[in-house]
Amino acid sequence: MELDLAGAELKAVLNRLRRAQGQISGVIRMIEEGRDCEEVVTQLAAASRALDRAGFAIIATGLQQCLTGMEDGSRSGEDRDEMRGRLEKLFLSLA
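My aim in this report is to walk through the structure given alongside it, one point at a time. (Residues numbered from 1 in each chain as written. Predicted model: local features only at pLDDT ≥ 70, side-chain atom pairs only at ≥ 80, totals over all residues. Heavy atoms only, no water.)

### Focus on the overall build of the protein chain
Now for step 1: A count of helical and extended segments in the protein chain gives three helices and zero strands.
Now for step 2: For the protein chain, the succession of helices and strands along the chain, N to C, is α-α-α.
Now for step 3: Out of the 95 residues belonging to the protein chain, those deemed buried represent 21%.
Now for step 4: Across the protein chain, contacts joining residues at least 24 apart in sequence account for 70% of those joining residues at least 6 apart.
Now for step 5: Carbon together with sulfur atoms contributes 53% to the accessible area of the protein chain, which is approximately 6800 Å² in total. (Helix = DSSP H or I, 4+ residues; strand = E, 2+ residues; numbered from the N terminus. Buried < 20%, exposed > 50% of the residue type's maximum accessible area, 1.4 Å probe, protein only. Contact = heavy atoms within 4.5 Å. Areas by Shrake-Rupley, 256 points an atom, 1.4 Å probe, with all protein chains shown as cover.)

Shown next as structure tokens:
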């Protein structure tokens, strides 16, 4: 399954991933500094949410592209079922 992210979609996903990257760097720094456990866990939870949102945005784009392929008739019934199963598996991996 090839994913075609363009324009605003790509920018939004990259921003979420960069935010998560910064938060993870912050968590590492906090641990190295011996910061309070509650603060560390709060920051780690924020990073996890940012990663989840990026994953869901990618899956949503895949669903949209899959549906477009179904509407224009470029996918056979078997292809659609296979694609649906793959997207469902990806979605559940983030749940």
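Past the structure itself, the notes keep going.
### Regarding the pattern of salt bridges
Now for step 1: Going through the model one piece at a time under the given rule, you end up with three salt bridges.
Now for step 2: A salt bridge links E33 to R35, with the nearest nitrogen and oxygen atoms 3.5 Å apart.
Now for step 3: Between R86 and E82 there is a salt bridge whose closest N-O contact spans 3.7 Å. In this pair, R86 and E82 are both assigned in helix 3 (residues 77-94), four residues apart and thus about one turn of the helix distant.
Now for step 4: Since its relative accessible area comes to 44%, E82 is described here as partly exposed.
Now for step 5: Connected through salt bridges with shared partners, the residues E33, R35 and E39 form a single ionic network. (Salt bridge = Lys/Arg side-chain N within 4 Å of Asp/Glu carboxyl O.)

### Regarding the environment of F56
Now for step 1: By the secondary structure assignment, F56 is in helix 2 (residues 37-71).
Now for step 2: Judged by its relative accessible area of 31%, F56 falls in the partly exposed class.
Now for step 3: In the structure, F56 is positioned 38 residues away from L94 in sequence and 7.6 Å away in space, judged by C-alpha atoms.

### Digging into the side chain of Q23
Now for step 1: You can see Q23 is positioned in helix 1 (residues 7-32).
Now for step 2: With relative accessibility at 14%, the residue Q23 sits in the buried group.

### Thoughts on helix 1
A turn of α-helix holds 3.6 residues, and therefore any two residues three or four places apart point the same way.
Now for step 1: For helix 1, which comprises 26 residues, the first-to-last C-alpha distance of 38 Å matches the rise-based estimate of 38 Å (1.5 Å per residue) to within 8%.
Now for step 2: When we look at burial in helix 1, the residues that qualify are V13, A20, Q23, G26, V27 and M30. (Expected span 1.5 Å × (residues − 1).)

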